[in-house]
Amino acid sequence: MVKRSFFSVLLTLFFLFTIVSCLFVFQAPAMAGTIDLNYANFPPAPTFPCVQMERWKVEVEKRTNGQVSIKTFPGGTLLGAKEMMDGVIAGQADIGNICMAYQPGRFIVTNATSLPLGIKDAKTGSLALLKLYEKYKPEAFKDVVVLTMFANAPGNVMSKYPVKTLDDIKGMDLRASGGAAQILKAWGANPVGMPMPATVEALQKGTVKGLFSSLEVMKDNNFAEMCKYVTLTETGIYPFAVIMNKAKYASLPEDVKKVFMDLKEEQSLWTGTYMDEQIQKSIAWSKETQNVEFISLSAAEKAKWDGKLSFIIDDWIKTAKEKGLPAEDIVKDIKAFIQ
Ligand code: 3IO
């Protein structure tokens, strides 16, 4: 009797030891390696920059087996559109999404993609932008690590009043930033610069009569409620970058860095493809449920509109050259990348 209970105690201890060891073995990697990262974004959650952010978060958490955990902050809750770049450099957020058009003078090389060069969709624009960045590694990004880049689809005029001719657009207050604003100005409109999130209120108050951007915002931002007319111009993209604090990136284990870098081009392609699909859905929804009129310019009118834009590229080359940049090569490369 005494002997038997001695053995059962030993056996119990042995089992307990085994179970506890197992717990440690299985938990140790996760416990030792949990890396928490904050990711700031400026527009509201349903918009494409935030949808791509959530996709990236899911992929990173999956591919690092939960070693990395990403906390996302849409809607400017951590950093707003214009404080994003410096906020990430300063470490207020580990990761952030910037729209380069909001600081045109700061991102000269990558903003060349917003010139009217004939980019046909977001997928083409996104990959060309990333290739351009990889080739030139512009100074503007020396204090951050680029995790991906992407672009929206070519711009169209969304307005409260129909725009069918250059006379119609003359002097019209339309919201646009960076390269897109240059295009609007060349057509004779009055571009009003502001980040996308401010546009909702500007349209409601009537400060602007419309905007110039990609058409997914008709649905995602519900602009179709206020802008009942779309003029199909199909030119000018807005380039975006997802950037990470340099010191924070350097502190990551090599296998995590590899996951991030392996995702760079894939994420660009994913986002461009997603955007192009959203555009089609938004157009159908605007026509079918919102009674939006889509205006195509006649061939003769289109030639007039295009003719107004030719000087923009020459002007950009001249200015960029003065800043010591290989401007002609940059334009030539973009044209090659979008073929
Ligand atoms: C954009 C920015 C934030 C949310 C949705 C968006 N769709 C297109 C853009 C491009 C842009 O930044 C702009 O200002 O038109």
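For the structure, see preceding data.
Definitions and limits used
Numbers given for residues are sequential positions, taken from 1 along each chain in its written order. At least 70 in pLDDT is required for a residue's local features to be given in this predicted model, at least 80 for side-chain atom pairs to be given and counted, and no such filter applies to totals for whole chains, interfaces and linings, which use all residues. Working from all heavy atoms in the structure, the side-chain values ignore hydrogens and water. Helix and strand definitions follow DSSP, with helices as H or I runs of at least four residues and strands as E runs of at least two, each counted in order from the N terminus. Exposure classes here rest on a 1.4 Å probe applied to the protein chains alone. A residue is buried below 20% of its type maximum, exposed above 50%, and partly exposed in between. Contacts between residues were defined by any pair of non-hydrogen atoms, one from each residue, lying within 4.5 Å. Shrake-Rupley sampling with a 1.4 Å probe provides the accessible areas, and residues are treated as covered by the protein chains on show and by no other component. Counted charges follow a simple rule, with Lys and Arg positive, Asp and Glu negative, and His plus the chain ends left uncounted. A single reference atom marks each charge: NZ on Lys, CZ on Arg, CG on Asp, CD on Glu. Only buried Ala, Val, Leu, Ile, Met, Phe, Trp, Tyr and Cys residues count toward a nonpolar core, and they belong to the same one when joined by side-chain atoms within 4.5 Å. Any residue with a non-hydrogen atom lying within 4 Å of a molecule or strand is treated as near it. As used in this structure description, the phrase polar contact means that two N or O atoms lie within 3.5 Å; if the pair is within protein, one of them must be able to donate a hydrogen and the other to accept it, and residues adjacent in sequence are counted only when both atoms belong to side chains. When residues are sorted by character, Ala, Val, Leu, Ile, Met, Phe, Trp, Tyr, Cys and Pro go into the nonpolar class, Asp, Glu, Lys and Arg into the charged class, and all the rest, Gly among them, into the polar class. All axes are obtained by fitting lines to C-alpha atoms, using only the stretch in contact for helices, and the reported angles, taken between N-to-C directions, cover 0 to 180 degrees. Note on convention: the crossing is left-handed when the near helix lies turned anticlockwise from the far helix by less than a right angle, right-handed when the turn is clockwise. Strand pairing is assigned whenever DSSP identifies at least 2 bridges connecting the two strands.

Caption draft 1: How the structure looks around the overall build of the protein chain. From N to C terminus, the protein chain includes 14 helices and 11 strands. Projected onto its principal axes, the C-alpha positions of the protein chain cover 105 × 50 × 35 Å. Classification of the 339 residues of the protein chain by burial places 50% in the buried group. At a minimum sequence separation of 6, the contacts of the protein chain that also span at least 24 residues come to 75%. Accessible area of the protein chain: about 16,000 Å², with a carbon and sulfur share of 58%. Separation of charge centres in the protein chain, based on 39 positive and 36 negative side chains, amounts to 2 Å.

Caption draft 2: The side chain of serine 282, seen in detail. For serine 282, the position within the fold is in helix H11 (residues 254–290). With residues near it in sequence (within four places) discarded, serine 282 still touches Leu215, Glu216, Met218 and Lys219.

Caption draft 3: Just the nonpolar core, in detail. Counting 106 residues, the largest nonpolar core has Phe141, Ile169 and Phe260 as its most contacted members. Ranked by the residues each element gives to this core, the list is headed by H11, at 8 residues. Leave out the neighbours within four places in its chain, and phenylalanine 260 touches Leu37, Trp56, Val60, Leu147, Met244, Tyr249 and Leu252.

Caption draft 4: Region of interest: the site of the ligand. In the vicinity of the ligand there are 16 residues, among which Tyr102, Arg175, Ser213, Glu216 and Tyr238 approach most closely. The separation between an oxygen atom of the ligand and a polar side-chain atom of tyrosine 102 is 2.6 Å. Between the ligand and serine 213, the relevant distance is 2.7 Å, taken from an oxygen atom to a side-chain nitrogen or oxygen of the residue. Considered on its own, the ligand offers 350 Å² of accessible surface; in the complex 100% of this is hidden by protein. Looking at the shell around the ligand residue by residue, the classes come out as 10 nonpolar, 4 polar and 2 charged.

Caption draft 5: Up close: the packing of helix H2 (residues 48–63) against H11. It is the contact of H2 with H11, at a shortest axis distance of 10 Å, that shows an interaxial angle of 145°. Seen from above, H2 lies across H11 with right-handed handedness. Contact with H2, carried on its side by Phe48, Val51, Gln52, Arg55, Trp56, Glu59, Val60 and Arg63, involves Val259, Phe260, Leu263, Glu266, Gln267, Trp270, Thr271, Tyr274 and Met275 of H11 and no other residues of that element. Residue classes in the contact of H2 with H11 are distributed as 10 nonpolar, 3 polar and 4 charged.

Caption draft 6: Spatial organisation of the pairing of strand E4 (residues 144–151). In terms of burial, E4 is largely enclosed, as 8 of its 8 residues are buried. With 7 bridges connecting them, E4 and strand E10 (residues 239–245) associate as antiparallel partners. Within the sheet, the bridge partner assigned to phenylalanine 150 lies in E10 and is phenylalanine 240.

Caption draft 7: Representation of the sheet that holds strand E5 (residues 155–159) in the model. Sheet architecture is open: 6 strands sit in the order E7-E6-E8-E5-E9-E11, paired in mixed fashion. Bordering the open sheet on either side are strand E7 (190–192) and strand E11 (293–296), each of which pairs with just one other strand. Strand-to-strand twist of the sheet, defined as the mean angle between neighbouring strand axes without regard to direction, takes the value 30°. Bridge count for E5 against strand E9 (residues 229–235) is 4 bridges, and the pairing is antiparallel.

Caption draft 8: Spotlight on the pairing of E10. E10 sits mainly inside the fold: 7 of its 7 residues count as buried. Examined bridge by bridge, strand E3 (residues 95–99) and E10 share 5 bridges and lie antiparallel to one another. Paired with isoleucine 98 across the strands is alanine 241, a residue of E10.

Caption draft 9: How the structure looks around the sheet that holds strand E1 (residues 35–40). The mixed open sheet is built from 5 strands, whose spatial order is E2-E1-E3-E10-E4. The open sheet is flanked by strand E2 (68–73) and E4, the only strands paired with a single partner. Pairs of neighbouring strands in the sheet enclose a mean axial angle of 20°, with direction left out of account. With 6 bridges joining them, E1 and E2 adopt parallel strand pairing. Across the sheet, the residue bridging to tyrosine 39 is threonine 72, located in E2. Lying on the sheet, H11 is in contact with E1, E2, E4 and E10; it crosses E4 at an angle near 20°.

Caption draft 10: Here's a closer look at the environment of lysine 264. One can find lysine 264 in helix H11. Along the primary structure lysine 264 and glutamate 328 are separated by 64 residues, whereas in three dimensions their C-alpha atoms are 27 Å apart. With near-sequence residues (within four places) excluded, lysine 264 lies in contact with Leu130, Tyr133, Glu134, Val146, Leu147 and Thr148.

Caption draft 11: Fine view of unusual backbone geometry. At asparagine 65, a position not held by glycine, the phi torsion is positive, near 50°. You can see asparagine 65 is positioned in the loop between H2 and E2. Given the relative accessible area of 73%, asparagine 65 is considered exposed. Although it is not a glycine, glutamate 234 sits at a positive phi angle of roughly 50°. Mapping glutamate 234 onto the fold places it in strand E9. You can call glutamate 234 partly exposed: its relative accessible area is 43%.

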